[in-house]
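Listed below, chain by chain, are the residues.
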Amino acid sequence: TTMPLSRPANTSLSELHLTGIPGLQHLHHWISIPFCIMYLITLAGNSTLLCLIKADPSLHLPMFLFLSMLAVIDLVMSTSITPKMLSIFWFHSTAISLDACLTQMYFVHAFSVMESGLLVAMAFDRYVAICNPLRYLSILTSPVVAAIGLATLLRAVVFMSPLTFQIRRLPLCSPAVVDHSYCEHMAVLKLACGDAAFSNTYSLSVSTYVGSVDSLLIVLSYLLILRAVLSLSSPQARKKAFSTCGSHLCVMALFYIPGLLSMYMQSYHQELPPHVQVLLANIYLLIPPAFNPLIYGIRTKQIRDGARRAISRRRPMAGGAVPGLRGTGLG
């Protein structure tokens, strides 16, 4: 049926319709393949990481506690949009209640802000680990790690709650069709009949503040790390540090740049095809959660050692696990 591709004539304002990717509806089945694969990688990678960190006491260090928080955020952020998106692609299930739409919007944007704050915390963690290793555990104590996690959560709630309440109060015009694959704030805001200037300005201000301040703090941390690394005498150590920092910064760029680009394009009505805007908004929510377990987890020696220990514990017939040296390995 081609019904979902046209605008519903009598759409109840308690119900909205998501179009998926505007202009590319005929390719939805093909687009769903990479999206589904990325979601499965996200579920498998982050769940495995959480299980490994929980099961291995040697991984109960600040850097891995931050990594656990990141894994939970990635799981929630991906799950809040991907199942509904795939149902649109596969079954043309475009309808979503207004309450479900606002809930999805809140989770997507709040957890994006949380992820941004946590990336700053992880950059600070690496700065302390590499530039001040002897005081690492005395600076990043368990209460400090918990306080940082709570601060990122509170900041997200404080910043994102006004957005959702404001949209709830705005009257929405029919036909209530959102030209997007999920309930993205700026896309839903286009349905408002009333004055949406406050919501528009507030959304831009918060996104600009979070994106610019957080990314600057991350870049500053990595510049200080690289300065410390350049003083290393070993070329091999320098090469490894550059490789690690480079991969971290690439994943962070995939998180910040597409999201901000998509939002600014919609706000200022730039001549960019709608499907490009929607795909940009999908990239920053789907790719980083799939790559984070690989970049921050599997490439980390302690995580690989923890995985080997977990596997060897499951194979008692092989003679039992051989405990490795349990240092922090933070340098």
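If you're wondering where the values come from, they're calculated on a predicted model, not measured in any experiment.

**Student:** How should the UniProt feature "transmembrane region" (unreviewed entry) in the chain be read in this particular structure?
**Tutor:** The UniProt entry lists residues 30-52, 64-86, 106-124, 136-158, 209-230, 242-264 and 276-298 under the feature "transmembrane region" (unreviewed entry), expressed in the numbering used here. Summarising residues 64-86: 100% helix, 0% strand, and an end-to-end C-alpha distance of 32 Å. In residues 136-158, the share of helix is 91% and the share of strand is 0%. The end C-alpha atoms are 30 Å apart.

**Student:** Looking at this structure, how should I read the environment of serine 247?
**Tutor:** Among the structural elements, serine 247 can be located in helix α8 (residues 235-267). Counting along the chain gives 49 residues from serine 247 to tyrosine 296, while the straight-line C-alpha distance between them is 9.0 Å. Ignoring sequence-local partners within four residues, the contact set of serine 247 consists of Ile295 and Arg299.

**Student:** Would you take a moment to explain helix α2 (residues 62-91) for this structure?
**Tutor:** Helical geometry note: an α-helix holds 3.6 residues per turn, so side chains three or four residues apart project in the same direction. With 30 residues, α2 extends 43 Å between its outermost C-alpha atoms, agreeing within 8% with the 44 Å of an ideal straight helix rising 1.5 Å per residue. Counted residue by residue, α2 has 22 buried out of 30 residues, so it is predominantly covered.

**Student:** Sorry, what's going on with the confidence of the model for the chain here?
**Tutor:** When pLDDT drops low, the exact placement of atoms in the prediction is not to be read closely. Overall, the prediction assigns the chain a mean pLDDT of 83, with 87% of residues at 70 or greater. Low pLDDT (under 50) marks residues 1-12, which in the prediction has 14 contacts with non-local residues, meaning those over four places away or in another chain. Below a pLDDT of 50 lies the segment residues 317-331, which in the model reaches 14 contacts outside its immediate sequence neighbourhood of four places, other chains included.

**Student:** For this particular structure, what's the right way to read the pattern of salt bridges?
**Tutor:** Opposite charge on two side chains makes pairing possible when the charged atoms of those side chains draw close. Scanning the entire structure with this criterion turns up 4 salt bridges. Residue aspartate 56 is joined to arginine 309 by a salt bridge in which the shortest nitrogen-to-oxygen separation is 2.9 Å. Taken together, the residues aspartate 56 in the loop between α1 (28-55) and α2 and arginine 309 in helix α10 (residues 301-313) connect sequence positions 253 residues apart. Of the two residues, aspartate 56 and arginine 309, neither departs from the other in class, the shared state being buried. One salt bridge in this structure joins arginine 168 and aspartate 99, with 3.0 Å as the shortest N-O distance. In this pair, arginine 168 sits in helix α5 (residues 142-169) while aspartate 99 sits in helix α3 (residues 98-131), placing the two residues 69 residues apart along the sequence.

**Student:** I would appreciate a short explanation of the nonpolar core in the present structure.
**Tutor:** The nonpolar side chains of a soluble globular protein tend to be buried with one another. Ranked by size, the top nonpolar core spans 85 residues in total, and within it Leu16, Phe35 and Leu67 carry the most contacts. At 17 residues, the largest contribution of residues to this core is made by α3. Once residues lying within four places of it in the same chain are set aside, the contact partners of leucine 16 are Thr94, Ala95, Ile96, Leu98, Cys101, Leu172, Ala176, Val178 and Leu191.

**Student:** Explain the packing of α2 against α3 to me, please; I cannot follow it from the model alone.
**Tutor:** For any two helices packed against each other, the geometry is given by the interaxial angle and the distance between the axes. In the contact formed by α2 and α3, the axes pass within 9 Å of each other and the chain directions differ by 160°. Overall, the two elements α2 and α3 adopt an arrangement that is roughly antiparallel. α2 and α3 meet at a crossing whose hand is left-handed. Residues belonging to the contact of α2 with α3 are distributed by class as follows: 18 nonpolar, 3 polar and 4 charged.

**Student:** Help me understand α1, please; the structure alone is not making it clear to me.
**Tutor:** The first and last C-alpha atoms of α1 sit 40 Å apart over 28 residues, in line with the 40 Å expected at 1.5 Å per residue. The complete set of buried residues in α1 reads His28, Ile31, Ser32, Phe35, Cys36, Met38, Tyr39, Thr42, Asn46, Leu49, Leu52 and Ile53. Looking at the packing, one finds that the buried side of α1 touches α2, α9 (274-298) and α10.

**Student:** Before we go on, may I ask you to explain the pairing of strand β1 (residues 15-18) in this structure?
**Tutor:** Each regular strand displays side chains that alternate between the two surfaces of the sheet. Bridge count between β1 and strand β2 (residues 95-97): 3 bridges; the pairing is antiparallel. Its bridge partner being in β2, glutamate 15 is matched across the sheet by serine 97. Two elements, β1 and strand β3 (residues 177-178), share 2 bridges in a ladder whose sense is parallel. Within β3, the residue paired with histidine 17 across the bridge is valine 177.

**Student:** Explain the sheet that holds β3 here, please?
**Tutor:** Paired through backbone hydrogen bonds, the strands of a sheet run either parallel or antiparallel to each other. Taken in spatial order, the 3 strands make up an open sheet running β2-β1-β3, and their pairing is mixed. At either margin of the open sheet sits one strand with a lone partner, and together these are β2 and β3. The strands that α3 touches are β1 and β2; relative to β2, the one it contacts most, it runs at about 85°.

**Student:** I keep staring at the packing of α3 against helix α7 (residues 197-230) and nothing clicks. Help me out?
**Tutor:** Between α3 and α7, the least distance of the axes is 9 Å, while the angle of their chain directions is 15°. In terms of orientation, α3 and α7 fall into the roughly parallel class. In the crossing of α3 with α7, the sense of the turn from one axis to the other is left-handed. Side by side, α3 and α7 meet where Val113, Ser116, Gly117, Leu119, Val120, Ala123, Phe124, Arg126, Tyr127, Ile130 and Cys131 of the first sit next to Val210, Asp214, Leu217, Ile218, Ser221, Tyr222, Leu224, Ile225 and Ala228 of the second. Of the residues belonging to the contact of α3 with α7, the class tally is 15 nonpolar, 3 polar and 2 charged.

Cut-off values and rules
- Residues numbered from 1 in each chain as written.
- Predicted model: local features only at pLDDT ≥ 70, side-chain atom pairs only at ≥ 80, totals over all residues.
- Heavy atoms only, no water.
- UniProt positions renumbered as here; feature names shortened; annotations may be inferred.
- Helix = DSSP H or I, 4+ residues; strand = E, 2+ residues; numbered from the N terminus.
- Contact = heavy atoms within 4.5 Å.
- Expected span 1.5 Å × (residues − 1).
- Buried < 20%, exposed > 50% of the residue type's maximum accessible area, 1.4 Å probe, protein only.
- pLDDT = per-residue confidence, 0-100.
- Salt bridge = Lys/Arg side-chain N within 4 Å of Asp/Glu carboxyl O.
- Core = buried A, V, L, I, M, F, W, Y, C linked by side-chain atoms within 4.5 Å.
- Axes fitted to C-alpha atoms, helices over the stretch in contact; angles between N-to-C directions.
- Parallel < 35°, antiparallel > 145°, perpendicular 65-115°, else oblique.
- Left-handed = near helix turned anticlockwise from the far one by under 90°.
- Nonpolar A, V, L, I, M, F, W, Y, C, P; charged D, E, K, R; others polar.
- Pairing = 2+ DSSP bridges.

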